[in-house]
Amino acid sequence: MKITLWLAGLACIAISAVAAPAQGPSSDVMGMHNLGPRSNSPVKGARPDACSYCHAPHSGLNVGLWNQQLTTKNYSMYTSNTEKNTSRQPILGNSTNQCLSCHDGTVAVGTSVAYGSITTTGSMYSADVFNGTMQSSHPFSLTTPLKDNVHLAASLASNGTTADTTGAVKLSHGSVECISCHDPHVQSRDTLSQNFLVKDSSGGQLCLACHDPTRQMSGQVNPLADWATSAHAISTAKVAASANLGTYPTVGTSACISCHAPHNAGGPSRILRGQNEQDCIACHNGGTNITSMPTYANAFAEYGSGKVGHPFPQSTSQHDDTEPALLQNNRHSTCVDCHNSHGSQLVGVFPQPPLMRASQKNIAGISAADGTSPVTPAINQYENCLRCHGTSSGKQALAIYGYFPVWAVSAGDSLNVIPQFALTSTSSHPVMHARNSSLLQPSLMTSMLQLDGISHGRTMGTQILCTDCHNSDDNREFGGTGANGPHGSRWQHILERRYEFNKAVVPGQTVTNLFPTPDTSSAGPYALCGKCHDLPNQILKNTSFSKHAIHINDGFSCSTCHTAHGMGATSATITGERMVNFDMNIVAQYNKQPISYSRATNTCVLVCHGVSHKPNGKTS
């Protein structure tokens, strides 16, 4: 059996007095550690006495009758900016040093003290040889006494014991050593993961002996919180052998090792299998590694050809667990910026806005009150969005997301949505506050339309979510089969549905892309607005504004006169009700007079598409 996974790499190849098994040996005593000529080990030796490769009754070393020559290799040890404990070089002759005397690859198997070099054939599997790099392995040989941490079992630091009630998982001299997880004498105590584990580790039992998702410490956030009920912990989706995640049959039984590799981890930190989203893509890519995975769990389909999604980290903008909730110049959006893989839960019901969805449980956010204070965990969905879309200095208006209007009324930072959605805004979509307009809203429907533009979905409440407009274009909440949330869309700005902006080469002059007499169905240019607003029966019948129909049928899009988020600031000439603002790329001043709008007189003063809108209400 190839020892590749789950703490197997450090499995001691020897029988050591220090490494006495936590429980009595079963019938598979020694397993692959039997190196005799008729064994199943990839390394076979000439001596039939299997114990002799590690032990000698006479003339061995003084520790545990040890017989294999000890390694003196100096290792690069595991470090992490979230790890409080520090690793040190294994003590010569201790149990870990004995294990590494074969598993670091510097001392040939069969190099005995008592019998000289024992003839062997074959070689260890490459995955079981660690060389000098321990950065990619679970930390061991820690400096004692152990330091406490919010995700560790309290007993580790308080009395040097694990939380394993069976007693199988133990510290060695107060530290984590190879034998804390491995019993080199019994290969198959865990019948599925036959890697000399000291106990059945399905469902992460071995990890949970030291890592406590239920631990609470004042002022600290446990990154493992709610693991027991998380989507990953309870998943019954099957894991294919091609996924190389180990031998447990499901995502739930694989548990921690679905994302973490205790040895030879591929990621640069926290023994993750991959860096950032690469750790998630092995399962969430719609491939055959996981069955049956619902279509909506294939989040990476939303980044496919023809779609635009949130930007993944680049070499200069990597995610780090210690980064502040407010992302500044290091702006990126990898999966864990919006999802906590330990606490994320299945979305069975969709809570009323603005509450966070269960799939984003325990994720960080930013307070809308000041735009800087962390809210961990975030309560409302928009708080998570504000990590990047509020006061962050790293915001960018990238061309790949489509056209950006330039608003006549703006607070300055047009990408900061906080003032636009604020309760103090003259008018705004009700994302950060409940709907409070005193004006009649005849176009607002009683429920939102599904993606088909016909069926009725969620009942219209007093608030909406960021994801009601920015969402995957095939999200399941509104009748699609894809992932919920703004992963990616074929529409600009990661909009859930089609929305078309007018454009003009010169403000005030001809609009180059009109949409006359538009299709008001889900295929039309204003399908996004039609999700909540009755375009054919209210907007085009002028129930709220007498000039709606003429403007729209002439081909002008909503954004020529309305901002989508909110006003964000006040103006002496634009009164700002009903989010009436003007795209300065489209309109221009009339006769050098300020661009203006008055709800009281229902008039505007400007030039648009070569048509002058005069102070007396007339056009020419």
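Not measured: the values here are computed from a predicted model.

**Some remarks on the packing of aromatic side chains**
In step 1: Taken as a whole, this structure holds seven aromatic pairs when the rule is applied.
In step 2: Relative to Phe-312, the ring of Tyr-303 lies with its centre 4.7 Å away and its plane at 35°, an arrangement referred to as tilted.
In step 3: Ring geometry for Tyr-499 against Tyr-526: centres 5.9 Å apart, planes inclined by 45°, an arrangement best described as tilted. Here Tyr-499 is found in the loop between strand S10 (488-489) and helix H11 (548-553), whereas its partner Tyr-526 is found in the loop between S10 and H11, with 27 residues between them in sequence.
In step 4: Residue classification places Tyr-526 among the buried residues on the basis of a relative accessible area of 4%.
In step 5: One aromatic cluster is present, formed by Tyr-403, Tyr-499, Phe-501, Phe-515 and Tyr-526 through successive ring pairs.
In step 6: Over the face of the ring belonging to Tyr-296 we find Arg-476, whose NZ or CZ atom lies 4.0 Å from the ring centre.
In step 7: The ring of Phe-478 carries the charged tip of Arg-497 above its face, separated from the ring centre by 5.8 Å.

**Some words on the side chain of Asn-581**
In step 1: Among the secondary structure elements, Asn-581 is positioned in the loop between H11 and strand S11 (587-588).
In step 2: Reaching out from Asn-581, the side chain makes a polar contact with the backbone nitrogen of Ala-408 at a distance of 3.3 Å.

**Focus on the environment of Leu-245**
In step 1: As for its placement among the helices and strands, Leu-245 is situated in the loop between strand S3 (238-239) and helix H6 (251-254).
In step 2: Among the residues examined, Leu-245 registers a relative accessible area of 4% and is labelled buried.
In step 3: Note: C-alpha distance between Leu-245 and Asn-34 (211 residues apart in sequence) is 26 Å.

Conventions we followed
- Residues numbered from 1 in each chain as written.
- Predicted model: local features only at pLDDT ≥ 70, side-chain atom pairs only at ≥ 80, totals over all residues.
- Heavy atoms only, no water.
- Phe/Tyr/Trp six-rings, centres within 6.5 Å; stacked < 30°, edge-to-face > 60°.
- Helix = DSSP H or I, 4+ residues; strand = E, 2+ residues; numbered from the N terminus.
- Buried < 20%, exposed > 50% of the residue type's maximum accessible area, 1.4 Å probe, protein only.
- Lys NZ or Arg CZ within 6 Å of the ring centre and 35° of its normal.
- Polar contact = N/O pair within 3.5 Å; in protein donor to acceptor, adjacent residues only side chain to side chain.

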